[in-house]
Amino acid sequence: MKGNLNDLQKQAQEKWEELEESSFTIRIGTPTCGRAAGSLDTLQAFQERIKKEGVEAHIIEVGCMGLCFAEPLVIIHNPDSGLPPILYGFITHEKVLRLVEGFILGDDPCLELALGTVEFKEDGTPYIPEMPRFEIEERLVLRNCGYIDPLDIGQYLARGGYLTLQKALKMTPEGIIREVEQARLRGRGGAGFDTARKWKACYQMERGPKYLICNADEGDPGAFMDRVVLESDPHSVIEGMVIAAHALGASQGFIYTRAEYPLVIERLKIALSQAREIGVIGEDILGSGVNFDIELVEGAGAFACGEETAMIASIEGRRGMPRPRPPHPTEYGLNGEPTVVDNVKTFALVTRILQQGGEWFSQIGSPNSTGTAVFALAGRVEQIGLVEVPMGTTLKEVIFEVGGGITNGRTFKAVQIGGPAGGCLPESALDLPVDYDSLKEVGAIMGSGGMVVLDENNCMVETARFFVDFLARECCGKCTMGRLGVKQMLLILEDFVKGEGTEEDLDMLEGLAHDVREGCLCNLGGSAANPVLTTLRYFRDEYEAHVTGKRCPALVCKELITYYILPEKCEKGCDHCVLTCPTEAIATDEKTRKKKILQDKCVKCGTCIDVCPPEYDAVIKVSPPDRVKELEGEAGG
Amino acid sequence: MAEELQEVLAPYPVERRYLLRILQGVQQKMGYISEEALEGVASHLKISPAEVYGVATFYNQFRFIPYGKHHIVACLGTACHAMGGQLILDAFERELDIKAGGITPDHGWSLDRVGCIGCCTKAPVVVINDVIHAKMSPFKVEEVLAGLGLEMRKEKEEEEAGEGESQ
């Protein structure tokens, strides 16, 4: 199959046009999150129905469009209808029949199920004009995500794929680095290091072999950007890697990804073998004389391996522990040779920069943070999913305009940004533009792009405990501050959530957090202070409530709350809570049939609140726990 | 056992950098890393068993006890935590009467926790026998377990019935 890329391109384009003009194209998103929502059942239902009806239709599995809240997502295109492609949301398998009978057999486009139409920008990037979020979004990394079949290199080629590589192979390494420098690209892994500077350092090393590593070890809980990009458009990353390899003179590349992402591994394996087949990786790439191949490495579930020196140790088959820098990997990396480690999205952006020019890229975003930022928006927000906005967009725009605001009309409390070692920012920070420097100023970090929204029902002390617990578990154990400092912070926070903390503990926690920040060997350890310091800074009143009032204002910390059934609201005949309580902790009064919680049996699992019919809404949580005695007294009196 | 181990080891040259991959292979083939396997890997790579143990215990992926017939992984990533993931893990621990990382005495069930599976938009999630269950609640935990438990009891009954017929 190796041959002239232009010929392959032409064939792919013809095939793509044929597809776009053929009578029915049904695109179904089947990334991991889509599958969790049942998209494989939707896929099967379409396949069966189409076969049964004997209609000619192309069913294509695509990746993620970022509109995860509406999964399973389906795009149907019928050029004969005169309509643009239509995007449908929430298409579980039961709705397939309606779509097939309505739009495919009949001429009703089932607009009640539609989220909008799919239009295309000049550069071919799809967008949904009916959704206001697309006015804010600018999709450079996510350009193909959710519209092309990630398992078909032809579809990537048809949209201009690997043409940029062909162009870059004709450039000098210095020329490529110059473009990246002009773009002022900063690494998308979180720290925001100047990419061109890193590349230059490696390029200037006169030793070899040189290595290139793609950091796809997205260990941050609450982040899934890299997963989506690799599941939806793996070739954009591979193309960027080969361009980088040419610039650095690297001969061997690695993609280090997580074992927790089985679909990423499966799709990358296929993508790499297709790339090898058409000769865009391997020996003498596109006849340029450049040799570069990529090996897939599966991580084994260690958060610390996201740090570049730890990742290198892991690829060498050792414990994934960071080492002090300098020397930086560009000097002394894998097997002691010059190595560059960059994030998935950095490579995807390199492809775009070389395609459109560094100058063009530098115009997007803010002056010191150019380009776009991809966020994984999750937690208590309406339209959870993936977002790509120009750097400098405010948090408010991302959460309220793109994300559609807080679920169930609740109140925004905080946004946790930058992964476990990031920070929790309050409402007053919502007007902050998101870029590397602004976030650093307020105590958070850009991180790789996780953004978890918290509302009034989240306890900030508990949230801080959660992150410190995670970091203490994942600490590699090499340096004292990481191993013991983080652990001590955790012990203090555990006391707080149990209501056992003191005023002195509060001061000690703050002091310790500063010591951890200063004294840790690697960034992962040092930034473990961020969740503590930001919550102390912005939500000190909640800490004080736990310490002095022994209560949890958000009604989360188990030891500080009790459940209570309001007698005046409890409907006599309903037994929902009694039947579902896992510990038989709900008693029925023989006379009134009203329910009461037996506190000594209650494990505070929350099932009764879930199952109490909303029209009664009789179960409440109270804090401090003793409050329930007062309530019982009042009810009794 | 020894044969299975040889099958895993055979393709790998004696190079330290393959240690993680070999351990992953062992776990995939045998479900966990037994003491015997650990020593076999060490002697294949000509490094000490302590060295192999040190690497294996560093990474969360490796298990030193077998999986149960049904394997449950509760996600405790940020989004899952914010949406009540701890209550879900608590519910599994309570219902199965084991702690995270444990296995029931009859080897029917094993339970683990994971940092994040990247399925944050469907939080809280659990993975049971490689299938993702989205938007869990403590009540749903009971439902899911009952579903799988019923199946198990049914299998058992069928087995017993089968034995009865053959006698």
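Residues numbered from 1 in each chain as written. Chains lettered and ligands numbered in written order. Predicted model: local features only at pLDDT ≥ 70, side-chain atom pairs only at ≥ 80, totals over all residues. Heavy atoms only, no water.

Digging into the interface of chain A and chain B
Moving on, step 1. Each side of the interface is counted separately: chain A has 62 residues, and chain B has 40 residues.
Moving on, step 2. Of the roughly 3,900 Å² buried between chain A and chain B on both sides combined, carbon and sulfur atoms contribute 57%.
Moving on, step 3. Across the contact surface, chain A and chain B share 5 salt bridges.
Moving on, step 4. For the interface between chain A and chain B, the tally reads 19 residue pairs in polar contact (both at pLDDT 80 or more).
Moving on, step 5. Those elements giving two or more residues to the side of chain A that touches chain B turn out to be helix 2 (32–36), strand 10 (293–298), helix 13 (308–315), strand 12 (372–379), strand 16 (450–455), helix 18 (460–474) and helix 25 (607–611) of chain A.
Moving on, step 6. It is helix 18 of chain A that provides the largest number of residues to the side of chain A that touches chain B, a total of 8 residues.
Moving on, step 7. Looking at side-chain class alone, the side of chain A that touches chain B contains 30 nonpolar, 13 polar and 19 charged residues. (Contact = heavy atoms within 4.5 Å. Buried area = accessible area lost by both parts, 1.4 Å probe. Salt bridge = Lys/Arg side-chain N within 4 Å of Asp/Glu carboxyl O. Polar contact = N/O pair within 3.5 Å; in protein donor to acceptor, adjacent residues only side chain to side chain. Helix = DSSP H or I, 4+ residues; strand = E, 2+ residues; numbered from the N terminus. Nonpolar A, V, L, I, M, F, W, Y, C, P; charged D, E, K, R; others polar.)

Focus on the confidence of the model for chain B
Low pLDDT means the predicted atomic positions in that stretch should not be read closely.
Moving on, step 1. The predicted model of chain B averages 87 in pLDDT, with 89% of residues at 70 or higher.
Moving on, step 2. When the elements of chain B are averaged for pLDDT, helix 7 (residues 138–166) of chain B gives the smallest value, 69, and helix 3 (residues 35–45) of chain B the largest, 95. (pLDDT = per-residue confidence, 0-100.)

Quick look at the domain arrangement of chain A
Residues and elements named next belong to chain A.
Moving on, step 1. For chain A, the assigned domains read domain 1 (16–133), domain 2 (162–361), domain 3 (372–455), domain 4 (460–547) and domain 5 (561–636).
Moving on, step 2. Taking only C-alpha atoms into account, the centre of domain 2 sits 27 Å from that of domain 3.
Moving on, step 3. Of the residues lining the interface, 17 residues belong to domain 2; the matching set on domain 3 comes to 20 residues.
Moving on, step 4. When domain 2 packs against domain 3, the two sides together hide about 1,400 Å² of surface, and 63% of this comes from carbon and sulfur.
Moving on, step 5. The three residues of domain 2 that bury the most area against domain 3 are Arg188, Phe224 and Met225, which together make up 35% of that side's buried surface. (Domains from an automatic or database assignment.)

Here we look at the domain arrangement of chain B
Moving on, step 1. Taken as a whole, chain B is organised into domain 1 (2–58) and domain 2 (70–149).
Moving on, step 2. Here domain 1 of chain B and domain 2 of chain B have C-alpha centroids that lie 29 Å from each other.

Remarks on the sheet that holds strand 2 (residues 109–114) of chain B
Residues and elements named next belong to chain B.
Moving on, step 1. Pairing is mixed across the open sheet formed by 4 strands, whose spatial order is 2-1-3-4. Each end of this open sheet is capped by a strand with a single partner; those strands are strand 2 and strand 4 (131–133). The mean angle between the axes of side-by-side strands here comes to 25°, regardless of whether they run parallel or antiparallel.
Moving on, step 2. Examined bridge by bridge, strand 1 (residues 70–75) and strand 3 (residues 126–128) share 3 bridges and lie antiparallel to one another. Note that in strand 3 the partner of Ile72 across the bridge is Ile128.
Moving on, step 3. Each of strand 1, strand 2 and strand 3 touches helix 6 (residues 85–96); the most contacted strand, strand 2, lies at about 160° to it. (Pairing = 2+ DSSP bridges. Axes fitted to C-alpha atoms, helices over the stretch in contact; angles between N-to-C directions.)

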